[in-house]
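# Secondary and tertiary structure notes
The primary structure of each chain is shown beneath.
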Amino acid sequence: MAITRSIRNKLFILLIIMGALPCIIIIAVDAWEMVRGLEEVAQKNGLLRNSVISEHVTEHFRKNFHVLHELALNPMIIEYINSPNENQRKSVLNLLHDTNTIFHDRNMAALTGADAMQLIRTDGSKLVNLTGRQHFYEAMRGRDFISDIILSRSTGERIVVVEVPVKDRLDRPIGMLQRNFNLDAINQFIQEQVTDEISVIIIDREGKTIAHSDKFMRFEIEYDEVGRYKFIADSAVGDTGTIRTKIDGVDVLASYSRNWLTDWIIITVQPYSYISRQVYFKITEAATIGLLMLALVCATAHILAIKATKPIIEITNAADKIVKGNKIEKLEIDSDDELGQMAAAFNKIRSARDAYQLESELDKLTKLYNKSTTENIGKMKLKTFSEQGAGTIMALYIIDLDHFKEANDTHGHQFGDKVLVEFSRNLRKKFRPNDCIGRFGGDEFVVIIDNLPSMDIVIRKARDIKNVAAELTIDGRSAGITASIGVAIIPQDGLDYDTVFNAADSALYHVKANGRNGFYYKGADAIG
């Protein structure tokens, strides 16, 4: 056997190499990698900090939207806008005051009519006409809105306004509910997220500063009317990224992210002097580790022997998993001896078994998940949602193709198979790679999607499914089918798979009993 194929000789050569070379390599490589890569680390840390702050801002305003939407549906609010009277004024005022109790703050809430004149304010200040305010016009268009920084016409304070429209029974805007937010609370949260070397700034759509903890800027936030940081937003490419720039002569790395709900830009600023110090510390640390390795080479010889046998342990564990039917990852053993040959053999066994297992998980005709696999994935997604799904929702769709049997009987089974295959292919395009799409048999399909921020996406996806069926063509002609879709929403319809499935099945029955070709979920006003 050649020397290079001897495990004993490999250990001997490894011990020689471990003598001096690692120390030199570690110091040189770490120095090069730190200089090249620490900026990337700083960028990722900045964007991660932005993400945390963005999530806080989003969650804060989403809660306010939710409470205001609940108020906007209250019959007393609607009646008061249509016909203000002193008898109801106190009751309506109490409803608005309740928002402060919910959020433990003293932010002003107000009710405004369609003529732009405020009807009630919770802070007792004078009522003002909101003509010319963008948030009022957005409300009259039926849209929710978060304003940029504005000066309150009643108090003169710099505020941000959250508004939702109040609508009548015909879904027409008849007024507006709003809450005013003083910028001190946002600024206080920003101060809690920074360190001595890192600053955070939030600017609105016009580039004005909403909150900041900038240690390089010496100005009061109240006087930043000119948009001091707007040049960063103007230099930004896309909604997320990092630029190198100067702020008052200080060379900095500015990582920016746009908040999807408010359209504000969050910026994390790190001075390059801080990054340079980190490089120095890391190189010193690498040199120390390298020297320690030199001193410990002889004492750790037995550890090298253990490492040399690691491939044998991996192959043994892989064999045990195959026997038990468990899933195994590909063995990455780069060796030209017998161990490498064994690893290659196990990888072939693994590939063959995985191919068989994949075949058993899929529907043979459509290549979607089969019923058993779909149910298992659904149960796993529900379990994950129960453990960590706070703030999101899930949806389960049961899809039944209308008129499929007639098309199958009229044009033959081959035509029917084409319908199922084409529908499956187009359906897959409408969903993310991690969404579960399965065929339960015949013309029945199930889709399970998770990590959804709102009901808007659930409804949009239901319409997508409906359109896929209606627009389906086979050999250049319309397939002549539609889709009935029952939808279950998690967590409102339950957290157990069978309960959720039954809820979707009941919704599907409702659609089919009312003319088909639509979707429905519990609580919907009508079939979509």
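What you see is a predicted model, and the numbers here were worked out from it, not measured in a lab. (Residues numbered from 1 in each chain as written. Predicted model: local features only at pLDDT ≥ 70, side-chain atom pairs only at ≥ 80, totals over all residues. Heavy atoms only, no water.)

### Some points on the confidence of the model for the chain
Summing up the model confidence of the chain, the mean pLDDT is 82 and the portion of residues at 70 or higher is 77%. Predicted confidence for residues 1-5 stays below pLDDT 50, and this span has eight contacts to residues more than four positions away or in other chains. This model gives residues 351-359 a pLDDT under 50, and the stretch forms six contacts once residues within four places in sequence are excluded. (pLDDT = per-residue confidence, 0-100. Contact = heavy atoms within 4.5 Å.)

### Some details on the pairing of strand β14 (residues 444-452)
Burial analysis of β14 places seven of its nine residues in the buried class, which makes it a mostly covered element. Relative to β14, strand β12 (residues 393-402) is paired through seven bridges, and the arrangement is antiparallel. Counterpart to Ile398 in the pairing with β14 is Val446. Pairing of strand β13 (residues 436-441) with β14 involves five bridges; the strand directions are antiparallel. When the sheet's bridge partners are listed, Ile437 is paired in β14 with Val447. Here β13 hands over to β14 after two residues, with Gly442 in that stretch at a positive phi of 60 degrees. (Buried < 20%, exposed > 50% of the residue type's maximum accessible area, 1.4 Å probe, protein only. Helix = DSSP H or I, 4+ residues; strand = E, 2+ residues; numbered from the N terminus. Pairing = 2+ DSSP bridges.)

### Details of the pairing of strand β6 (residues 173-182)
Counting buried positions over the ten residues of β6 gives eight, a clear majority of the element. As paired strands, strand β1 (residues 109-113) and β6 are joined by five bridges and run antiparallel to one another. Considered in β6, the bridge of Gly113 is made with Gly175. Examined bridge by bridge, strand β5 (residues 158-167) and β6 share nine bridges and lie antiparallel to one another. Bridge pairing links Val161 to Asn180 in β6. Hairpin connection, β5 to β6: the antiparallel pair is bridged by five residues, and Asp171 has positive phi, about 65 degrees.

### Regarding the sheet that holds β13
If you trace the five strands from one edge of the open sheet to the other, you get β13-β14-β12-β17-β18, paired in mixed fashion. Edge strands, defined here as strands with exactly one partner in the open sheet, are β13 and β18 (518-521). When strand polarity is set aside, the average angle formed by the axes of neighbouring strands in this sheet is 20 degrees. Here helix α15 (residues 497-513) sits on the sheet in contact with β12, β13, β14, β17 (482-490) and β18, set at roughly 145 degrees to β17. (Axes fitted to C-alpha atoms, helices over the stretch in contact; angles between N-to-C directions.)

### Points about unusual backbone geometry
With an omega of 15 degrees, the peptide bond running from Ile490 to Pro491 counts as cis. Among the secondary structure elements, Pro491 is positioned in the loop between β17 and α15. Residues other than glycine seldom take positive phi values, yet His403 does so here, at roughly 65 degrees. With respect to the helices and strands, His403 occurs in the loop between β12 and α12 (404-411). Backbone geometry at Asn517 places phi at a positive 55 degrees, although glycine is not the residue there. Looking at the element boundaries, Asn517 is found in the loop between α15 and β18. Residue classification places Asn517 among the partly exposed residues on the basis of a relative accessible area of 33%.

### A few points about the side chain of Arg133
Tracing the backbone shows Arg133 in the loop between β2 (118-121) and α4 (134-140). Buried charged residue Arg133 carries no salt bridge. Nearest counter-charge: Glu206, at 9.5 Å. In this view, Arg133 contacts Ile150, Leu151, Ser152 and Arg153; residues no more than four positions away in its chain are not counted. (Lys, Arg positive; Asp, Glu negative; His and termini not counted. Salt bridge = Lys/Arg side-chain N within 4 Å of Asp/Glu carboxyl O.)

### Thoughts on helix α5 (residues 183-192)
When we look at burial in α5, the residues that qualify are Leu183, Ile186, Asn187, Phe189 and Ile190. Angularly, the buried residues of α5 cover 160 degrees about the axis, an arc narrow enough to put them on a single face. Along α5, the residues that are exposed and aim more than 90 degrees away from the buried face are Asp184, Ala185, Gln188 and Glu192. (Arc of directions from axis to C-beta.)

### Here we look at the packing of aromatic side chains
Under the definition given, this model contains six aromatic pairs. Ring geometry for Phe61 against Phe181: centres 5.5 Å apart, planes inclined by 80 degrees, an arrangement best described as edge-to-face. Of this pair, Phe61 sits in helix α1 (residues 7-72) while Phe181 sits in strand β6, placing them 120 residues apart in sequence. Neither residue differs from the other here; Phe61 and Phe181 are each classed as buried. Centre to centre, the rings of Phe136 and Tyr137 are 5.6 Å apart; their planes meet at 65 degrees, and the pair counts as edge-to-face. Positioned above the aromatic ring of Tyr272 is the side chain of Arg244, whose terminal nitrogen or guanidinium carbon lies 3.5 Å from the ring centre. Directly above the ring of Phe431 sits Lys461, whose terminal nitrogen or CZ lies 5.3 Å from the centroid. (Phe/Tyr/Trp six-rings, centres within 6.5 Å; stacked < 30°, edge-to-face > 60°. Lys NZ or Arg CZ within 6 Å of the ring centre and 35° of its normal.)

### A short note on the pattern of salt bridges
Applying the stated criterion across every chain, the model contains 23 salt bridges. Between Asp450 and Lys381 there is a salt bridge, with its nearest N and O atoms 3.1 Å apart. Of the two residues, Asp450 is situated in strand β14 and Lys381 in helix α11 (residues 371-388); the sequence distance between them amounts to 69 residues. Across this residue pair, the class does not change: Asp450 and Lys381 are buried. In this structure, the salt-bridge partner of Arg425 is Glu422, at a minimum N-O distance of 2.5 Å. Highlighted residues: Arg425 and Glu422, both in helix α13 (residues 413-429), separated by three residues, approximately one helical turn. Owing to a relative accessible area of 38%, Arg425 belongs among the partly exposed residues under this scheme. One salt-bridge network, in which partners are shared between bridges, spans Lys381, Arg432, Asp435 and Asp450.

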